[in-house]
Each structure stands twice: as C-alpha cells, then as structure tokens.
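Reading the structure
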Amino acid sequence: MTSRGTPLDRGLGDLEPGTTQRAQLRARIADIAWTAGCAVLALWAVWSVVGAVRGTTAWAYSAVAWVLLAVAPAARVAGRRRLRR
C-alpha cells in the first residue's frame, strides 16, 4: 500500500490466469495426486502381504494390490506420452 492507503498495482499475482505458475498448477496437482495414490497402493500391498503371512488376510488382496501398484505408474506414463503427441 502507499502512504495514502491505496493498494499498489503489482501486476499479475502468482496464480492468476496467464502466469507460468498457473499453467504449471494442474500438472503439480496431478503429480501430487499420483504420488499419494501410489503411496497408498504401496502401503496396501505391503500391509496385505504382512497380513497374508500372518494368516489374517487372503492372498487375493495382496495380488490385487501389487497388480494395481504395477498398473498405476504404467498408466501414468502412457497418459503422459499421449499428451505429448
């Protein structure tokens, strides 16, 4: 603000339309979501193997978790390749 109490015009803010940060925001959010999803899948896979070894969980849960954990990054890579074309 100026000494008279009026706001200074500093141009575009960080996340306003037309800025580089705004253009990168969607990709950043997608990366965070994929990372979180893969982390949850990895935890589920490990937890289900531990449960299966202890005899408290069926092996099918473990197999499904590991298949999903393998498919998710492959789908991410395929999706990125399609976007580049």
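Before any of the text, the structure's been laid out above.
The paragraphs below set out a description of the structure included in this document. (Residues numbered from 1 in each chain as written. Predicted model: local features only at pLDDT ≥ 70, side-chain atom pairs only at ≥ 80, totals over all residues. Heavy atoms only, no water.)

**What to know about the overall build of the chain**
Definition in use: Per the convention used, a helix needs a DSSP run of H or I reaching at least four residues, while a strand needs a run of E reaching at least two, with both numbered from the N terminus. Burial status follows relative accessibility: with a 1.4 Å probe on protein chains alone, a residue under 20% of its type maximum counts as buried, one over 50% as exposed, and anything between as partly exposed. Note on contacts: a residue pair is in contact if any heavy atoms of the two residues lie within 4.5 Å. Note on areas: Shrake-Rupley, 1.4 Å probe, and residue coverage restricted to the protein chains presented here.
Summing up its helical and strand segments, the chain has 2 helices and 0 strands in all. Taking all 85 residues of the chain together, the buried fraction comes to 13%. Long-range contacts, defined as pairs at least 24 residues apart, comprise 35% of the intrachain contacts of the chain with a sequence gap of at least 6. Total accessible area computed for the chain in this model is approximately 7,100 Å², and 64% of it derives from carbon and sulfur atoms.

**Observations regarding the pattern of salt bridges**
As a reminder of what qualifies: By convention in these notes, a salt bridge is any Lys or Arg side-chain nitrogen within 4 Å of a carboxyl oxygen on Asp or Glu.
Throughout the structure, instances matching the rule amount to 1 salt bridge. A salt bridge links Arg 76 to Asp 31; its shortest N-O distance comes to 2.2 Å. Of this pair, Arg 76 sits in helix 2 (residues 59-84) while Asp 31 sits in helix 1 (residues 20-54); the two residues are 45 residues apart in sequence, bridging distant segments of the chain. On the basis of relative accessible area, Asp 31 is assigned to the partly exposed category, the value being 32%.

**Here's the deal with the nonpolar core**
Keep this limit in mind: For the purposes of this section, nonpolar cores are sets of buried Ala, Val, Leu, Ile, Met, Phe, Trp, Tyr and Cys residues that join through side-chain atoms within 4.5 Å.
Membership of the largest hydrophobic core is limited to 5 residues, which are Leu 41, Ala 45, Ala 65, Leu 69 and Ala 72. Elements that contribute at least two residues to this core include exactly helix 1 and helix 2.

**Quick look at a nonpolar patch on the surface**
Inclusion rule: Here a patch means residues that are over 30% exposed by relative accessible area and free of salt bridges, tied together within 9 Å if like-charged and within 5 Å if nonpolar (Val, Leu, Ile, Met, Phe, Trp, Tyr).
On the surface, Trp 44, Tyr 61, Val 64 and Leu 68 cluster together into a nonpolar patch covering about 370 Å² of accessible area. With 3 residues, helix 2 is the single largest residue contributor to the nonpolar patch. Look at Trp 44 and you get partly exposed, because its relative accessible area is 33%.

**Points about the side chain of Arg 76**
So the rule is basically this: In the analysis that follows, any N or O atom pair within 3.5 Å is treated as a polar contact, provided that within protein one partner can donate a hydrogen and the other can accept it, and provided that, for residues neighboring in sequence, both atoms belong to side chains.
The exposure class of Arg 76 is buried, given its relative accessible area of 19%. Polar contacts involving the side chain of Arg 76 include one to the side chain of Asp 31, which spans 2.2 Å.

**Concerning the environment of Val 49**
Its place among the elements puts Val 49 in helix 1. Looking at Val 49, the relative accessible area reads 25%, which means it is partly exposed. When near neighbours in sequence (up to four residues on either side) are disregarded, Val 49 contacts Ser 62 and Trp 66.

**Some remarks on the environment of Ala 45**
The topology assignment puts Ala 45 in helix 1. Taking the C-alpha atoms as reference points, Ala 45 and Tyr 61, separated by 16 residues in sequence, lie 8.0 Å from one another. With near-sequence residues (within four places) excluded, Ala 45 lies in contact with Ala 65, Trp 66 and Leu 69.

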